[in-house]
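Analysis of the macromolecular model
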Amino acid sequence: MCLRPLRSIIPSLALLFVAALAGSVLKVPTVAAVGNGSAQTLRITVMDAAGNLLPGAMVTATDAEGLDVKATEQSDGVYVIEGVWAKITLEVDHPWFVPGSFELTLPDQPVVQVEVILGKAKPVAVIIEADKRLAPGRVGADIRFQGQRPRAAGDPPAAAAGVGNDDCADAQPIAVPSFTLGTTLNATIDDTFPTCGTGITSPGVWYSVIGTGNTITATTCTPFFGYDTKISVYCGSCEEPTCVTGNDDACPDGASPFLSTVTWCSQVGAEYLILVHGFGGQSGEFELDVFDDGVNCQADVACVPEGACCLTTDCFITTAEGCAAQGGDYQGDDTDCGGLVYPGFSDCGNPFEDISGTGTEAPNASNSDDAGDIVPIGFTFNFYGDDHTNIGVTSNGYLTFGADLTDLSNDAIPSTNDPNDLIAPLWDDFNPSDAGTVHYETKGSAPNRRFIAQWTNVPQFANNDSNTFQAILFEGSTCIEFRYGNFTPEGFAGDYTIGIENQDGSDGQSIPGAAVFPGDCKVICQELVKSPCVPSCPADFDNSGAVDVKDLLFLLGAWGPCPKQGDCPADFDNSGAVDVKDLLFLLGAWGPCP
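Residues numbered from 1 in each chain as written. Predicted model: local features only at pLDDT ≥ 70, side-chain atom pairs only at ≥ 80, totals over all residues. Heavy atoms only, no water.

1. Regarding the overall build of the protein
Counting secondary structure elements, the protein contains four helices and 41 strands. In the protein, which comprises 594 residues, the share counted as buried stands at 50%. As presented, the protein carries roughly 26100 Å² of accessible surface, and 53% of it is formed by carbon and sulfur atoms. (Helix = DSSP H or I, 4+ residues; strand = E, 2+ residues; numbered from the N terminus. Buried < 20%, exposed > 50% of the residue type's maximum accessible area, 1.4 Å probe, protein only. Areas by Shrake-Rupley, 256 points an atom, 1.4 Å probe, with all protein chains shown as cover.)

2. Some remarks on the confidence of the model for the protein
Per-residue confidence for the protein gives a mean pLDDT of 79, with 77% of residues at or over 70. Note that pLDDT drops below 50 for residues 1-37; the model gives that stretch 120 contacts with residues more than four away or on any other chain. Low pLDDT (under 50) marks residues 116-162, which in the prediction has 112 contacts with non-local residues, meaning those over four places away or in another chain. (pLDDT = per-residue confidence, 0-100. Contact = heavy atoms within 4.5 Å.)

3. Notes on the nonpolar core
F383, I391, I423, F451, I480 and I500 are the most contacted members of the largest nonpolar core, which totals 35 residues. Put simply, the parts of the chain that give this core at least two residues each are β26 (372-383), β27 (386-394), β29 (422-427), β30 (437-443), β31 (450-458), β32 (467-474), β33 (480-484) and β34 (497-501). No other element matches the five residues that β26 contributes to this core. One finds Y207, C235, A270 and L288 within the second-largest nonpolar core, a separate group that totals 22 residues. (Core = buried A, V, L, I, M, F, W, Y, C linked by side-chain atoms within 4.5 Å.)

4. Examining the pattern of salt bridges
Enumeration according to the criterion identifies seven salt bridges in this entry. Ionic pairing is found between R450 and E353, a salt bridge with its closest N-O pair at 2.8 Å. Of this pair, R450 sits in strand β31 while E353 sits in the loop between β24 (346-347) and β25 (360-361); the two residues are 97 residues apart in sequence, bridging distant segments of the chain. Owing to a relative accessible area of 21%, R450 belongs among the partly exposed residues under this scheme. R483 is paired through a salt bridge with E481; the nearest N and O atoms lie 2.8 Å apart. Of the two residues examined, R483 and E481, each falls in the buried class. A network of salt bridges, in which partner residues are shared, links E353, K443, R450, E481 and R483. (Salt bridge = Lys/Arg side-chain N within 4 Å of Asp/Glu carboxyl O.)

5. Overview of the packing of helix α3 (residues 549-557) against helix α4 (residues 580-588)
The N-to-C vectors of α3 and α4 enclose an angle of 170 degrees; their axes lie 11 Å apart at closest approach. On the basis of the axis angle, α3 is roughly antiparallel to α4. On α4, the residues touching D551, L552 and L555 of α3 are D582, L583 and L586. Within the contact of α3 with α4, the residues separate by chemical class into four nonpolar, no polar and two charged. (Axes fitted to C-alpha atoms, helices over the stretch in contact; angles between N-to-C directions. Parallel < 35°, antiparallel > 145°, perpendicular 65-115°, else oblique. Nonpolar A, V, L, I, M, F, W, Y, C, P; charged D, E, K, R; others polar.)

6. Let's talk about the packing of aromatic side chains
One pass over the structure, following the stated rule, counts 19 aromatic pairs. Through a chain of ring-to-ring contacts, the aromatic side chains of Y342, F383, Y384 and F401 assemble into a single cluster. (Phe/Tyr/Trp six-rings, centres within 6.5 Å; stacked < 30°, edge-to-face > 60°.)

7. Some thoughts on the pairing of strand β18 (residues 271-278)
Within β18, seven of the eight residues are buried, leaving the element largely enclosed by the surrounding structure. With seven bridges joining them, strand β13 (residues 204-210) and β18 adopt antiparallel strand pairing. Following the sheet pairing, S208 is matched in β18 by L273. Relative to β18, strand β15 (residues 229-236) runs antiparallel, the two sharing seven bridges. When the bridges of β18 are listed, S232 appears paired with L275. (Pairing = 2+ DSSP bridges.)

8. Points about a negative patch on the surface
A surface patch of negative charge is lined by D300, D336, D504 and D507. Looking at where D336 falls in the secondary structure, it is placed in the loop between β22 (329-333) and β23 (339-341). (Patch = residues over 30% accessible without salt bridge, like charges linked within 9 Å, V, L, I, M, F, W, Y side chains within 5 Å. Lys, Arg positive; Asp, Glu negative; His and termini not counted. Charge placed at Lys NZ, Arg CZ, Asp CG, Glu CD.)

9. What about the state of the cysteines?
Tallied over the full model, the rule gives twelve disulfides. Across a sulfur-sulfur distance of 2.1 Å, C196 and C243 are joined as a disulfide pair. With the S-S dihedral at roughly 85 degrees, the linkage between C196 and C243 falls on the right-handed side. You can see C196 sitting in the loop between β12 (178-183) and β13 and its partner C243 sitting in strand β16 (residues 241-248), a full 47 residues away along the chain. With a relative accessible area of 0%, C196 lands in the buried category. Bridging C235 to C303, the disulfide has an S-S length of 2.1 Å. Handedness of the C235-C303 disulfide follows from its S-S torsion of about -80 degrees: it is left-handed. Taken together, the positions of C235 in strand β15 and C303 in the loop between β19 (285-296) and β20 (307-311) put the pair 68 residues apart, joining distant regions of the chain. You can call C235 buried: its relative accessible area is 1%. (Disulfide = S-S within 2.5 Å.)

10. Some points on α4
Buried within α4 are the following residues: D582, F585 and L586. Each buried residue of α4 lies within a common arc of 100 degrees when the element is viewed along its axis, so the set occupies one face. Exposed residues pointing more than 90 degrees away from the buried face of α4 are listed as L584 and G588. (Arc of directions from axis to C-beta.)

11. Comments concerning the environment of G66
By the secondary structure assignment, G66 is in the loop between β2 (58-63) and β3 (68-70). A residue is classified by how much of its surface remains accessible, and G66, at 45% relative accessible area, is partly exposed. A C-alpha to C-alpha distance of 9.2 Å links G66 and I88, two positions 22 residues apart in sequence.

12. Structural notes on unusual backbone geometry
Cis geometry marks the peptide bond from V176 to P177, where omega comes out at 5 degrees. The omega torsion across D418 and P419 is 0 degrees, close enough to zero to call that bond cis. By the element assignment, P419 lies in the loop between β28 (399-400) and β29. Unusually for a residue other than glycine, Y384 sits at a positive phi of about 50 degrees. Structurally, the position occupied by Y384 is in the loop between β26 and β27. We note that T478 has phi near 60 degrees; this positive angle belongs to a residue other than glycine.

13. Comments concerning the side chain of S202
Structurally, S202 is set in the loop between β12 and β13. Relative accessible area serves as the criterion here: at 0%, S202 is assigned to the buried category. A polar atom in the side chain of S202 sits 3.5 Å from the backbone nitrogen of G280. Ignoring sequence-local partners within four residues, the contact set of S202 consists of I189, H277, G278, F279, G280, G281 and Q282. (Polar contact = N/O pair within 3.5 Å; in protein donor to acceptor, adjacent residues only side chain to side chain.)

14. Things to note about the sheet that holds β22
Pairing within the open sheet is antiparallel, and its three strands lie in the order β21-β20-β22. Only two strands of the sheet have a single partner each, and these edge strands are β21 (314-318) and β22. In this sheet, neighbouring strand axes are inclined to one another by 25 degrees on average, regardless of whether the strands run parallel or antiparallel. Where β20 and β21 come together, five bridges link them in antiparallel fashion. What sits directly across from C310, in β21, is C315.

As structure tokens, then:
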């Protein structure tokens, strides 16, 4: 059964339909007999789970030939109807409820009671005879549920569902959390929209939610409906939508295998457009549940601009609305919090330094297809704020500090897909098992050593070309160079991936494959950038107008992990600790403040 969080906020409601021999009751016209059905007078009581009678319902019985007979309300919540049936469809519509419809096979006897209970669990239908409950399915086993959730105030009539929100421009706003009944019956196919997680092949309807800054889950995984649904989530405009995520067939614990669930990291104030559509041309009814998981996150897809937000001296990245909600000072779109950053690649003039005859051959990367080796760098190298002494060298033209050494399908940078923590001089599907080698070597003397990884004459998979290139990591400066020998020029945009990417794939710098050529050299260096949330002379802790010995003593007194975020003025790079990098920053600012 699908997990249904926060369901307790919706009242547990039930409809009880009890049919019994009514004695002297108001008669209604008798419908034609079906099979060997006997005459029956039904007394139908409509009530909620607490036993409160519900007046104002419309109750209709339809026989197998399509003849309808409407019940008459005898008193508040009590309805009577007479007919000769073997099998009927009983329909009940009440202003507080989505209409319920049930196909019932009735026993051929004068006294019959039918009880249908709807609520949070799977619908239950039983036949009651002589005040004794029989097991479900003993009689009246052919039961079809159509809807049971209460209508919210202001909801349109159920018959209009799937029409008013057929177009993206008319997306129905829903809250987070919310539980919404819907239908794609009479809707159209939105096949002009880009594929988002799953193809659009069936009619769909649209909803919109506002991001909270946490992960949001939207699901159709409810045991009440069997319609094979898909979900796609977009942001931006209906004219230029941006795919966020999508899914076909995924429910927790394998429940309801043809229904769908999506989870995404939302931005505060961003509008997300949710398309519920079907599989293989199907249409039907569904329940869409949307809720906030309570997990704060940094969105992978930027649906609204983000920038630095200052809360005292603390700096974090969020939207303008999210910053205002926390009482912060928004620094503008696309601003950042400083710290150690890679601003971008530039040209360099260093020649290719061939190590194919002196370096160590990487055994897996050099002799296999889609493989790699973890090798020593020879010194400590800082990459996006993390120190490393080992690195993964792969057959497919990239280095990584992560675990994925086998990826043959190069992604754009940045991407949250593995591999992350990435240095890619020429990432593609290469096959050194056919030809070529992969070597590594550490050269020079401390503190100016350099680590070189080199791919020599490696062919692309299923090709007989030859590609030679290398990546160099420099001690101390944390600079990275890409140098190129002869290689096959990029055949199409995105054929190669060239660049670097941080630990979770949320940030990176890249170069188009068409921008490099044989004999080329590109370099990128990590820089310490001041946070916009600290004073103009941040190292002047005593506000004396100069960075001097007193400020140095203050920094040394704060050495080590910060007590809490936002209360660590000596942590200039926002690393969470006062360390050597902060000391170097202070020494670089020594003297009168500007």
